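Structure assessment
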Amino acid sequence: MRSDPTPAGRLGRALVRGLPALWLVLFFLVPFAVVLKISLSTPATAQPPYRPLLDWGAGWEGWRAFVEALDLQNYAMLAGDALYRDAALTSLAYAGAATAILALVGTPMAWAMARATPRMQGLLVALVIVPFWTSFLIRVYAWIAILKPEGLLNMALLRLGLIGEPLAILDTPAGVLIGLTYAYLPFLVLPLYAVMARLDPALPEAAADLGASRARAFLTVTLPLSLPGLTAGMLLCFIPMVGEFIIPDLLGGSDTLMLGRVLWSEFFSNRDWPLASAVAVLMLVLIVGPVVLFRGVRERQDAAAR
Amino acid sequence: MSPLNRIALGLGLAFLYGPILVLVAYSFNASRLVTVWGGFSTRWYGVLLADDALIASALVSLKVASASAAVATVLGTLAALALDRHGRFAGRAAFTGLVLAPMVMPEVVTGLSLLLLFVGIGLERGLASIVIAHATFAAGFVAVVVGARLKGLDRALEEAAADLGAPSWRVFSTITLPLIAPSLAAGFLLAFTLSLDDLVIASFVSGPGATTLPMRLYSQVRLGVNPEINAASTLLVAGVTALVLAASWLTGRGDRTA
Amino acid sequence: MKPLLTLDRLAKRFAGHAAVDDVSLTVREGEVLCLLGPSGCGKSTLLRLIAGFETPDAGTVRLGDADITGLPPHRRPVNMMVQSYALFPHLSVAGNLAYGLKGLGLSRAGVAGRVATLLRLVKLDGFEARRPATLSGGQRQRVALARALAREPRLLLLDEPLGALDRALREETQGELRAIQRRLGTGFVVVTHDPAEAMALSDRVGVMDRGRLVQVGPAAELYERPASRFVAGLLGEANLIEGRLGADGRVETAFGSIRPGTVRAGPGPVVIMVRPERLRLGPARGTEGEGALTGTVVEATYLGERIRRLVRMADGTVLRVSTPLPEGRDGGGPGETVGLAFPSEAACVLPA
């Protein structure tokens with residue numbers, strides 16, 4: 001509280017900040033430093049499976065030997081092998097495409113929710129959240145049952161005579177896109193809905209009064225004003241999608257190679273921890289770009305609003 | 001609501017719930033195949049209950065979820081208090097980023113980095129390592145939930161308590177805490193569910209004897225569609241739905257009392 | 001008598017502007033002082049400085065002999081009642097009232113007894129178990145008042161205590177508030193934006209404008225002999241006649257030379273303030289004498305207990321005249337020429 005300048009009060013406040021800060025620095029930031037270090041190491045058949053190891057007892061000499069043994073060969077491998085380049089581009093492409101689809105599909109849904117009566121809104125938010133919290137793995141698994149050649153979708157289409165033979169959706173890019181859109185829909189809809197629900201309804205009404213059709217009012221008034229919510233939602237989807245593992249693994253074929261799967265297989269199958277770390281660093285670099293861009297856009301939006 | 005809006009909403013909800021309903025339906029399918037409906041049967045639930053390995057992994061998941069949710073709730077609440085109460089303190093932007101970043105980071109990156117840390121410091125991997133990992137990324141979610149409630153809390157109540165002679169700690173324990181308690185519970189449930197659901201991070205940081213339910217399910221899914229999994233999924237869905245409804249009922253209650 | 005509260009050159013700035021600017025004030029034991037002013041004048045900030053929720057940038061707050069400027073709110077023997085009441089929603093009425101009694105060394109029976117006494121004081125006997133959410137606005141206001149009095153403070157601060165009540169309830173509660181204060185003998189500092197309320201409740205009124213204390217004194221003094229146009233306008237309707245104050249103490253105006261009753265300005269350009277109810281209507285006169293003016297009625301409005309007329313003078317000035325009924329009915333209607341007169345002691349000279 002503001003008027004509590006006692007030393008005990010100050011200590012209390014420092015603790016309130018310090019405890020979570022300490023935990024997160026230790027278990028969130030420090031690990032990244034470790035990843036960076038390991039990405040500069042070489043794989044070895046040993047426990048742990050990388051070299052060099054810092055000899056804590058060897059003092060300054062130990063440090064020097066340690067630093068000298070680090071190298072960029074993993075990054076050279078990433079840059080040189082088309083596999084990794086393709087995986088990076090594939091990840092970005094899928095994340096971008098899925099985010100775009102989500103924006104198109106999620107906006108009408110968020111708008112419909114924002115237009116509901118206040119009582120309905122609470123219920124709708126709960127309805128959107130509930131699948132979100134049921135097992136992610138299980139829901140992706142359900143899509144397998146629906147999309148596979150003998151699955152429900154093909155069965156229904158065949159039965160209705162719309163197709164002659166089963167569509168191959170599973171193990172194709174389409175399957176991955178459907179999976180990504182499905183899994184991240186709430187991440188886009190909810191932030192967007194939150195912004196749209198707080199929009200002054202008098203504004204689109206004023207637009208209508210001035211002669212704009214409903215579509216025009218939506219596109220020229222509602223949408224621009226909802227942009228902060230939309231960009232926030234898109235970022236909330238894009239970033240984790242770049243590293244998504246489960247969906248490409250279960251719904252994509254062996255040729256949809258994304259960075260998440262690359263990291264996983266390098267780590268679990270090849271036991272090449274240093275290379276997996278390098279992939280992780282690559283992923284972080286790919287993410288930083290959009291985040292910085294987003295913040296720049298937000299600052300420009302805020303400045304314009306002032 | 002206009003018909004267009006109604007259609008958009010209907011399609012969206014159908015899209016969200018379709019797969020889940022499919023699972024639930026087929027968990028009662030006597031036939032093993034998805035293509036054939038063999039009649040109503042609960043035999044897969046029987047198979048499920050006899051599957052010791054699966055049940056063991058479920059217990060592991062529950063233990064881990066309880067512990068990590070507790071830690072996450074403490075961390076997230078402290079962080080929310082700091083952000084709401086401490087004004088513009090030095091390093092506020094960095095602190096905010098630190099709290100929120102784990103929420104969006106790709107899970108493979110968080111999982112790998114934490115595993116490397118544990119190996120580096122020589123921590124034995126098992127239940128503890130998963131608990132630490134889950135608490136770390138769930139804390140941000142708790143901070144958001146509790147933070148939203150703190151924002152809506154009327155400061156005048158705490159000032160009145162101080163005016164009536166209560167020092168800061170007493171104001172917190174008798175006024176602030178009771179009034180934000182529902183959001184703490186909601187945050188706990190959220191962290192609990194996130195932990196229960198996590199596959200990727202657990203795969204990286206777990207050790208022998210610490211197989212979680214999603215890990216077990218994943219290894220089975222890779223082998224093919226298994227009706228027993230439908231039953232497990234339905235139970236999971238039912239359980240989580242109950243938890244989520246409890247959470248939203250609790251936060252609704254919180255809004256009404258203040 | 002030693003003052004109960006002494007504020008000495010208190011100052012507080014927020015984001016570049018002075019919310020409270022060099023305010024010095026004393027409040028006597030058992031006195032009711034009302035702080036009056038437009039919104040943003042700093043009266044609520046001043047109250048919060050006294051309560052300890054803001055720390056001053058300069059100046060001191062003394063209660064009796066003790067300097068309490070550095071004390072946090074929970075250690076000051078001062079209690080505050082806010083406009084929103086801030087009742088604890090998760091505690092019962094008894095819980096709210098007993099909250100301040102913790103740590104005072106009372107036994108459980110003692111606390112219960114005190115709670116019952118407080119409820120009797122505010123005429124809410126038997127309300128112990130009720131929850132704030134189930135109470136009406138007026139009931140909540142009384143619980144808030146009782147809670148603020150629970151610790152028997154020497155000084156009670158009230159921020160717009162009647163603001164949330166509807167009009168009928170407000171006047172009734174004003175009387176009850178005054179009665180309670182007289183019974184307990186506690187000093188009250190009341191913040192209000194309503195001049196009628198300030199005049200009804202207080203022993204003295206302090207007017208604030210943009211962080212400064214402009215005039216302090218009994219209501220009558222502020223109403224009849226305000227220190228400035230601002231204070232005059234704040235406490236009621238005021239007619240302002242421009243003129244020039246000469247060395248002889250008379251004011252030259254467009255309507256002749258006037259000898260004023262109160263002078264609050266130096267020689268030079270001034271305004272004469274006359275309250276609408278001090279202007280007497282009469283037949284139009286050809287010649288003009290001291291305090292006698294002629295004009296044309298522009299508008300006459302019936303207000304139940306009085307008639308308010310707007311009268312335009314020869315030079316264009318419009319004066320407001322308020323005449324009680326039934327005499328007011330004969331004053332003249334729109335378009336008629338009337339004469340106005342006022343006793344010189346009703347004229348107050350203010351700085352232009």
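This structure is a prediction, so every number in the text was calculated from the model and none was measured.

What counts and what doesn't
- Residues numbered from 1 in each chain as written.
- Chains lettered and ligands numbered in written order.
- Predicted model: local features only at pLDDT ≥ 70, side-chain atom pairs only at ≥ 80, totals over all residues.
- Helix = DSSP H or I, 4+ residues; strand = E, 2+ residues; numbered from the N terminus.
- Buried ≥ 20, exposed ≤ 12 C-beta atoms within 10 Å, placed from the backbone.
- Contact = placed C-beta atoms within 7 Å.
- Rg over C-alpha atoms; globule rule 2.2 N^0.38 Å.
- Pairing = 2+ DSSP bridges.
- Nonpolar A, V, L, I, M, F, W, Y, C, P; charged D, E, K, R; others polar.
- Core = buried A, V, L, I, M, F, W, Y, C linked by C-beta atoms within 7 Å.
- Domains from an automatic or database assignment.
- Axes fitted to C-alpha atoms, helices over the stretch in contact; angles between N-to-C directions.

1. Some thoughts on the overall build of chain C
- When helices and strands are counted, chain C shows eight helices and 21 strands.
- Buried positions account for 41% of the 352 residues belonging to chain C.
- At a minimum sequence separation of 6, the contacts of chain C that also span at least 24 residues come to 64%.

2. Observations regarding the overall build of chain A
- Per the secondary structure count, chain A includes 13 helices and two strands.
- Relative to its length of 306 residues, chain A is extended, with a C-alpha radius of gyration of 25 Å against a globular reference of 19 Å.
- In terms of overall dimensions, chain A has C-alpha extents of about 80 × 75 × 35 Å along its principal axes.
- A burial count over chain A gives 40% of its 306 residues as buried.

3. Topic: the pairing of strand 4 (residues 58-63) of chain C
Residues and elements named next belong to chain C.
- Note that strand 1 (residues 5-14) and strand 4 share five bridges and pair antiparallel. The residue bridging Thr 6 from the neighbouring strand is Arg 62, located in strand 4.
- Across two bridges, strand 4 lies against strand 5 (residues 66-67) in antiparallel orientation. By the bridge assignment, Arg 62 is partnered in strand 5 with Asp 67.

4. Regarding the interface of chain B and chain A
- Contacts between the two partners involve 64 residues from chain B and, on the opposite side, 70 residues from chain A.
- Broken down by element, the side of chain B that touches chain A gets its largest block of residues, 13 residues, from helix 1 (residues 3-27) of chain B.
- Residue classes in the side of chain B that touches chain A are distributed as 49 nonpolar, 12 polar and three charged.

5. Observations concerning the environment of A:Val291
All names here are of chain A.
- With respect to the helices and strands, the residue Val 291 is situated in helix 13 (residues 273-305).
- Classification of Val 291 by C-beta neighbours within 10 Å gives partly exposed; the count is 15.
- Along the primary structure Val 291 and Ile 239 are separated by 52 residues, whereas in three dimensions their C-alpha atoms are 8.4 Å apart.

6. Let's talk about the nonpolar core
- Counting 259 residues, the largest nonpolar core has A:Val140, A:Leu263, A:Val279, B:Leu112, C:Leu157, C:Val189 and C:Ile272 as the members making the most contacts within it.
- Residue contributions to this core peak at 15 residues, all from helix 3 (residues 52-85) of chain B.
- Each residue touching A:Val140, except ones within four places of it in the same chain, is listed here: A:Gly179, A:Ala183, A:Ile246, A:Ile247, A:Leu250 and A:Leu251.

7. Comments concerning the sheet that holds strand 14 (residues 262-263) of chain C
All names here are of chain C.
- One open sheet accounts for six strands, arranged 13-12-11-15-21-14; its pairing is mixed. Each of the sheet's edge strands pairs with one partner strand only, and the pair in question is strand 13 (256-258) and strand 14.
- Sheet topology places strand 11 (residues 239-245) next to strand 12 (residues 251-253); three bridges connect them, and they run antiparallel. Residue pairing across strands places Leu 245 opposite Val 251, the latter belonging to strand 12.

8. Describing the domain arrangement of chain C
- Annotation of chain C at the domain level lists domain 1 (5-224) and domain 2 (237-351).
- The gap between the C-alpha centroids of domain 1 of chain C and domain 2 of chain C is 40 Å.

9. Let's talk about the sheet that holds strand 4 of chain C
All names here are of chain C.
- Strand order in the open sheet formed by four strands is 2-1-4-5, with antiparallel pairing between adjacent strands. With partners counted over all chains shown, the strands left at the sheet margins are strand 2 (17-27) and strand 5, one partner each.
- In this structure, strand 1 lies alongside strand 2, joined through seven bridges in antiparallel fashion. Within the sheet, the bridge partner assigned to Leu 5 lies in strand 2 and is Val 27.
- Across the sheet, helix 1 (residues 43-51) lies against strand 1, strand 2 and strand 4, angled at about 60° from strand 2, the strand it touches most.

10. What to know about unusual backbone geometry
Residues and elements named next belong to chain C.
- Cis geometry is found at the peptide bond from Leu 325 to Pro 326, where omega equals 10°.
- Mapped onto the elements, Pro 326 comes out in the loop between strand 19 (318-324) and strand 20 (337-341).
- In this structure, Ala 15 is a non-glycine residue whose phi angle is positive, near 45°.
- Looking at where Ala 15 falls in the secondary structure, it is placed in the loop between strand 1 and strand 2.
- Residue classification places Ala 15 among the exposed residues on the basis of 5 C-beta atoms within 10 Å.
- Unusually for a residue other than glycine, Glu 152 sits at a positive phi of about 50°.
- Under the C-beta neighbour-count criterion, Glu 152 is labelled partly exposed, with 13 such atoms within 10 Å.

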